[in-house]
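Structure assessment
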Amino acid sequence: MQKILYHELKYQQSTQYTTPFYLLNVINLDMKLCIIGANGRMGQAIIESAQQQNINIHSVVVKECTDYVGHKLSKEVKILHKVEDGADIIIDFSNSQASKSNVEYANKYQIPILIGTTEGHKKSDYNKFNIPIMWAPNTSITWNIMENAIEKISLASKLAIQIGEVHHKNKKDDPSGTTKQLDDKINADKVWSLRVGKNMSMHQFMGINDLEIARLEHQVLDRQLYAHDALVICKWLIMQKNQLFIMQDFINEII
Ligand SMILES: NC(=O)C1=CN([C@@H]2O[C@H](COP(=O)(O)OP(=O)(O)OC[C@H]3O[C@@H](n4cnc5c(N)ncnc54)[C@H](OP(=O)(O)O)[C@@H]3O)[C@@H](O)[C@H]2O)C=CC1
Ligand SMILES: O=C(O)C1=N[C@H](C(=O)O)C[C@H](O)C1
């Protein structure tokens, strides 16, 4: 019998991103999706991921569009519904200024919304609404589990803390929304950021004292990760009550 080496097996299995088992009951739900910022890097990744998962893309919003009817898509997607005519959920990866008015709009038509944008706005801007809202500066489920661990480590041990991030050169905000949120929670002693290449996305934590060094790092190899996990979160969000949620609410309930 031919032996398959462990690393070969892993390689064969890992060529496509698969949904972790604990999320399968969430992912099987049906929903009609609206994507805001559909022509951007994340918008395109969401379209691709939704198509792979047979999720119904109901409507899209791009910058030039003023009446919330999708048009001028750079990928071929056939959708021309108005958002308010039947979308179950809105996913917003445009920019923070747009997000503020998008949430007003979502609230008017009672459509749950995931806010994926960073920079220039804060969670408390979205306290006053009566729809399910997810505030998600980083939609990676793995990262959010790590963020939870980092918070606990920072509380439990006396460490000098450094957090850092590396992102692609086209990223508009610096430091990243993820870094800002983490720093608000753990009050790091040093925060650094770098902008390199086209696709880079990495967050890092290091805590140090005389007796130990703790390091955690999360590197995203493809935006499909953020897109896939954002869609899982949307499926969870449409079942929730009218409230502002953070990613830790989702993590605590699902995992
Ligand atoms: N939560 C998460 O996990 C992640 C969050 N992000 C965040 O998502 C946001 C988008 O990132 P990315 O896709 O890389 O950026 P892009 O610039 O590639 O995409 C943003 C898109 O939104 C469009 N846009 C701007 N204003 C509006 C508007 N008023 N209505 C509709 N569309 C609009 C832009 O058009 P134009 O180019 O013409 O201005 C562009 O097509 C950023 O804030 C980023 O930090 C990114 C990755 C993961
Ligand atoms: O713009 C990006 O790319 C990313 N933005 C988010 C952030 O600002 O934290 C999430 C992730 O880092 C990718």
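Up top is the structure these notes are about.
A brief look at the structure comes next.

Criteria and thresholds
Residues numbered from 1 in each chain as written. Chains lettered and ligands numbered in written order. Predicted model: local features only at pLDDT ≥ 70, side-chain atom pairs only at ≥ 80, totals over all residues. Heavy atoms only, no water. Near = heavy atom within 4 Å. Polar contact = N/O pair within 3.5 Å; in protein donor to acceptor, adjacent residues only side chain to side chain. Areas by Shrake-Rupley, 256 points an atom, 1.4 Å probe, with all protein chains shown as cover. Helix = DSSP H or I, 4+ residues; strand = E, 2+ residues; numbered from the N terminus. Nonpolar A, V, L, I, M, F, W, Y, C, P; charged D, E, K, R; others polar. Domains from an automatic or database assignment. Contact = heavy atoms within 4.5 Å. Core = buried A, V, L, I, M, F, W, Y, C linked by side-chain atoms within 4.5 Å. Buried < 20%, exposed > 50% of the residue type's maximum accessible area, 1.4 Å probe, protein only. Pairing = 2+ DSSP bridges. Axes fitted to C-alpha atoms, helices over the stretch in contact; angles between N-to-C directions. Salt bridge = Lys/Arg side-chain N within 4 Å of Asp/Glu carboxyl O. Disulfide = S-S within 2.5 Å.

**A look at the site of ligand 2**
Near ligand 2 you find Thr 118, Pro 137, His 167, His 168, Lys 171, Asp 173, Ser 176, Gly 177, Thr 178, Ser 201, His 203 and Tyr 226, and these make up its full shell. At 2.5 Å, a side-chain N or O of His 167 approaches an oxygen atom of ligand 2. Computed on the free molecule, ligand 2 has an accessible area of 320 Å², of which 85% lies beneath the protein chains in the complex. Elements that contribute at least two residues to the shell around ligand 2 include exactly α6 (177-186) and β8 (201-208). Grouping the constituent residues of the shell around ligand 2 by class yields two nonpolar, eight polar and two charged. When residues of the shell around ligand 2 are sorted by domain, at least three fall in each of domain 1 (4-139 + 224-254) and domain 2 (141-219).

**Structural notes on the site of ligand 1**
Within the structure, ligand 1 sits among 23 residues, and Arg 41, Met 42, Thr 118, Ala 136 and Thr 139 are positioned closest to it. Within the backbone of Gly 40, a nitrogen or oxygen atom sits 3.2 Å from an oxygen atom of ligand 1. Surface burial for ligand 1 is 78%, taken as the share of its 910 Å² of free accessible area covered by protein chains. Taken together, the residues of the shell around ligand 1 break down into eight nonpolar, ten polar and five charged. Counting contributing residues, the shell around ligand 1 receives three or more from each of domain 1 (4-139 + 224-254) and domain 2 (141-219).

**With respect to the environment of Gln 224**
Among the secondary structure elements, Gln 224 is positioned in helix α7 (residues 224-237). Linking Gln 224 and Glu 48, residues 176 residues apart in sequence, is a C-alpha distance of 8.0 Å. Once residues within four sequence positions are removed from consideration, Gln 224 is found in contact with Ala 45, Glu 48, Ser 49 and Gln 52.

**Structural notes on the nonpolar core**
Core analysis: the biggest nonpolar cluster contains 36 residues, and Leu 33, Ile 35, Ile 46, Ile 91, Met 134 and Phe 250 have the highest contact counts within it. Looking at this core, the elements with two or more residues in it are β1 (32-36), α3 (41-52), β2 (56-61), β3 (89-92), α7 and α8 (247-254). Broken down by element, this core gets its largest block of residues, ten residues, from α7. Ile 36, Val 61, Tyr 126 and Phe 129 belong to the second largest nonpolar core, which has 18 residues in total.

**So, the sheet that holds strand β6 (residues 160-167)**
Backbone-to-backbone hydrogen bonds pair the strands of a sheet. The strands run either parallel or antiparallel. Overall, mixed pairing links the four strands, which are arranged β7-β6-β8-β9 in an open sheet. Strands at the two margins of the open sheet, each flanked by one partner only, are β7 (190-195) and β9 (213-219). Going from strand to strand, the sheet's axes swing by 10 degrees on average, the running direction of each strand aside. Pairing between β6 and β8: eight bridges, direction antiparallel.

**Focus: the sheet that holds strand β10 (residues 244-246)**
One open sheet accounts for six strands, arranged β2-β1-β3-β4-β5-β10; its pairing is parallel. Unpaired on one side and paired on the other, β2 and β10 mark the two borders of the sheet. With strand direction ignored, the average angle separating the axes of adjacent strands in the sheet is 20 degrees. Note that β1 and β2 share five bridges and pair parallel. The residue of β2 that forms the bridge with Cys 34 is Ser 59. Contacts from α3 reach β1, β2 and β3, with the element oriented near 165 degrees to β1.

**Some thoughts on the pattern of salt bridges**
Considering all chains together, one arrives at seven salt bridges under this definition. Here Arg 195 makes a salt bridge to Glu 165, at a shortest N to O gap of 2.7 Å. Here Arg 195, found in strand β7, pairs with Glu 165, found in strand β6; they are 30 residues apart in sequence, far enough to count as distant. Per residue, the accessibility class of Arg 195 equals that of Glu 165, and both read buried.

**Digging into the state of the cysteines**
One pass over the structure, following the stated rule, counts zero disulfides. With no disulfide of its own, Cys 234 lies 10 Å from the sulfur of Cys 34, the closest cysteine sulfur. Its relative accessible area of 0% is what places Cys 234 among the buried residues.

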